[in-house]
Amino acid sequence: MLDDLPAYRAGKAVVSADGRSFKLSSNESPYDPLPSVVEAIAAAAREVHRYPDPACARLTEALAGRFGVPREHVALGAGSVTVAQQLFETVSDPEAEVIYAWRSFEAYPLLADLAGVTSVRVPLADETHDLKAFAEAITPRTRMIFVCNPNNPTGTVNRAAELVEFLDRVPEDVLVVLDEAYREYVRDADVPDGLGLYADRPNVAVLRTFSKAYGLAGLRVGYLIAQEPIASAVRKTMVPFAVNSIAQAAAVASLAAEDELLERVETVVKERTRVREALLGQGWPVPPTEANFVWLRLGERTAEFAEHCAVDGVAVRPLGEGCRVSIGSPEANDAFLAAAERFRKG
């Protein structure tokens, strides 16, 4: 079975002939860690001869306080993708089905296969989750549904009215996971915060990460907020000591410095607007995005476009039928826009 599983392929860096390198393939923050976070990391490094707190107590308390939820509703993991894996393990059963959009986060199919569950892929409609089709895809075998909002890799969103209508149609014994890895970049007021939905819905869980807006991609910290039975089940599937002590300290420090971090997010959002408007001006059809990336549907020219950008030292993420391009520094974004314009002019 393992021989048949495709390996996860992370975004790569490239270097141009003149030594330029702009990595826009992994949706990372373009900023270095804050000084206060670096200090917390350095202090925690002096204790690495000790095992980390397996319960992540300080971080759990910090998250509970930040979002005003009971600490029993919080579960941690080594990045949100690992928390997603823990969720798949909680529903693992040869008869189980898990619904998600396609295209969406590329790890979903791999996690489903590893857990031995059946993937039910619902095609996007206008680059967005088709929640009516999701509801129609539910069967007695459905155990879990992932709604990636904003969606990776398209950046598109489902708004409050349609999401609530969908949740009202989901049976109570089917878990709905709102994957909100890019929540901090959302500026559309009609996009609901999952934390405002889960409290009255025992079958809803919210998945988030410190990798993107908080700039801790290299340390791997993700978390889930859900009512106690779900959060408890996810904690049981967590590998002991999965979130290391440095990661825990950095995440706590990042929450303490959240106002400063979110100023950086606002800068990325402004760059996102600039990049999308420039691409539209070049003639590219770019869907509205509420994440820290843009999506170009290129079809059979996807690989060609990625290779074209690589010549300029710009790494983008080719994903089958299109390319996802992260929003980076202004310099990196300008290099990408120049490459895109040359490709468009052919």
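The model shown is predicted, which means the values in this text are computed figures rather than measured ones.

### Things to note about the overall build of the protein chain
Now for step 1: Broken down by element type, the protein chain carries 11 helices and 12 strands.
Now for step 2: In terms of overall dimensions, the protein chain is globule-like: its C-alpha atoms have a radius of gyration of 20 Å, near the 20 Å expected for 346 residues.
Now for step 3: Across its three principal directions, the C-alpha atoms of the protein chain cover 55 × 55 × 45 Å.
Now for step 4: Pairs at least 24 residues apart make up 73% of the contacts formed inside the protein chain by residues separated by at least 6 positions.
Now for step 5: Total accessible area on the protein chain is roughly 15300 Å²; 52% of this is exposed by carbon and sulfur atoms.
Now for step 6: Charge-centre separation for the protein chain: the mean point of 36 positive side chains lies 3 Å from the mean point of 49 negative side chains.

### Quick notes on the state of the cysteines
Now for step 1: In total, this model carries 0 disulfides according to the counting rule given.
Now for step 2: In this model cysteine 148 remains outside any disulfide bridge; the closest cysteine sulfur is found in cysteine 323, 18 Å from its own.
Now for step 3: This cysteine, cysteine 309, is not joined by any disulfide, and cysteine 323 carries the nearest cysteine sulfur, 6.9 Å off.

### Looking at unusual backbone geometry
Most peptide bonds take the trans form, and the phi angle of most residues other than glycine is negative.
Now for step 1: Residues tryptophan 102 and arginine 103 are joined by a peptide bond in cis, for which omega reads 20 degrees.
Now for step 2: Of note, the bond from asparagine 152 into proline 153 is cis; its omega dihedral lies within 30 degrees of zero at 25 degrees.
Now for step 3: With respect to the element layout, proline 153 can be found in the loop between β5 (142-148) and α6 (160-169).
Now for step 4: Phi is positive for cysteine 56, which is not a glycine, with a value near 50 degrees.
Now for step 5: Along the chain, the position of cysteine 56 falls in the loop between α1 (35-45) and α2 (57-67).

### Some words on the UniProt feature "domain: Aminotransferase class I/classII large" (unreviewed entry) in the protein chain
Now for step 1: In the UniProt entry, the feature "domain: Aminotransferase class I/classII large" (unreviewed entry) is given for residues 22-337.
Now for step 2: Span residues 22-337 is 39% helix and 18% strand, its end C-alpha atoms 12 Å apart.

### Description of the domain arrangement of the protein chain
Now for step 1: What the domain assignment lists for the protein chain is domain 1 (22-32 + 258-345) and domain 2 (35-255).
Now for step 2: Look at where the C-alpha atoms of domain 1 and domain 2 centre, and you get two points 25 Å apart.
Now for step 3: In this assembly, 25 residues from domain 1 lie in contact with 24 residues from domain 2.
Now for step 4: Across the interface of domain 1 and domain 2, roughly 2300 Å² is buried in total on both sides, 52% from carbon and sulfur atoms.
Now for step 5: By the criterion of area lost to domain 2, the three top residues of domain 1 are Glu258, Leu261 and Glu290, representing 29% of everything that side buries.
Now for step 6: Between the two partners, domain 1 and domain 2, sit 5 salt bridges.
Now for step 7: Residues arginine 66 and glutamate 258 are paired through a salt bridge, measuring 2.4 Å at the closest nitrogen-oxygen approach.
Now for step 8: Those elements that place two or more of their residues in the side of domain 1 that touches domain 2 are α9 (258-282), β9 (293-297) and β11 (317-319).

### Some details on the packing of α9 against helix α11 (residues 330-345)
Now for step 1: At a minimum axis distance of 10 Å, the contact between α9 and α11 shows a crossing angle of 10 degrees. Classed by the angle they form, the pair α9 and α11 counts as roughly parallel. As α9 runs across α11, the sense of the crossing is right-handed. Here Glu271, Arg274, Val275, Ala278, Leu279 and Gln282 of α9 come into contact with α11, specifically with Pro330, Asn333, Asp334, Phe336, Leu337, Ala340, Glu341 and Arg344.
Now for step 2: Of the residues contributing to the contact of α9 with α11, the split by class is 7 nonpolar, 2 polar and 5 charged.

### Description of the packing of helix α10 (residues 302-311) against α11
Now for step 1: As a packed pair, α10 and α11 sit with axes 9 Å apart at the nearest point and diverge in direction by 130 degrees. The pairing of α10 with α11 is recorded here as oblique in orientation. Where α10 crosses over α11, the two elements pack in a sense that is right-handed. Touching Glu304, Phe305, His308 and Cys309 of α10 are Phe336, Ala339, Ala340, Arg342 and Phe343, all from α11.

### A few points about the packing of aromatic side chains
Now for step 1: Using the criterion set out here, one finds 15 aromatic pairs in the structure.
Now for step 2: Note on phenylalanine 134 and phenylalanine 166: the rings are 6.0 Å apart at their centroids and 80 degrees apart in plane angle, and the pair reads as edge-to-face. Here phenylalanine 134, found in helix α5 (residues 131-137), pairs with phenylalanine 166, found in helix α6; they are 32 residues apart in sequence, far enough to count as distant. The same class applies to phenylalanine 134 and to phenylalanine 166, which are both buried.
Now for step 3: Summarising the aromatic geometry, the rings of tyrosine 182 and phenylalanine 293 are spaced 5.1 Å apart at their centres and angled 85 degrees between planes, so their arrangement reads as edge-to-face. In this pair, tyrosine 182 sits in the loop between β6 (175-179) and β7 (204-209) while phenylalanine 293 sits in strand β9, placing the two residues 111 residues apart along the sequence. Of the two residues, tyrosine 182 and phenylalanine 293, neither departs from the other in class, the shared state being buried.
Now for step 4: Following the ring pairs from residue to residue traces out a cluster consisting of Phe88, Tyr100, Trp102, Phe105, Tyr108 and Phe146.
Now for step 5: The cationic tip of arginine 121 hangs over the ring face of tryptophan 102; the distance from NZ or CZ to the ring centre is 4.5 Å.

Scoring rules and cut-offs
- Residues numbered from 1 in each chain as written.
- Predicted model: local features only at pLDDT ≥ 70, side-chain atom pairs only at ≥ 80, totals over all residues.
- Heavy atoms only, no water.
- Helix = DSSP H or I, 4+ residues; strand = E, 2+ residues; numbered from the N terminus.
- Rg over C-alpha atoms; globule rule 2.2 N^0.38 Å.
- Contact = heavy atoms within 4.5 Å.
- Areas by Shrake-Rupley, 256 points an atom, 1.4 Å probe, with all protein chains shown as cover.
- Lys, Arg positive; Asp, Glu negative; His and termini not counted.
- Charge placed at Lys NZ, Arg CZ, Asp CG, Glu CD.
- Disulfide = S-S within 2.5 Å.
- UniProt positions renumbered as here; feature names shortened; annotations may be inferred.
- Domains from an automatic or database assignment.
- Buried area = accessible area lost by both parts, 1.4 Å probe.
- Salt bridge = Lys/Arg side-chain N within 4 Å of Asp/Glu carboxyl O.
- Axes fitted to C-alpha atoms, helices over the stretch in contact; angles between N-to-C directions.
- Parallel < 35°, antiparallel > 145°, perpendicular 65-115°, else oblique.
- Left-handed = near helix turned anticlockwise from the far one by under 90°.
- Nonpolar A, V, L, I, M, F, W, Y, C, P; charged D, E, K, R; others polar.
- Phe/Tyr/Trp six-rings, centres within 6.5 Å; stacked < 30°, edge-to-face > 60°.
- Buried < 20%, exposed > 50% of the residue type's maximum accessible area, 1.4 Å probe, protein only.
- Lys NZ or Arg CZ within 6 Å of the ring centre and 35° of its normal.

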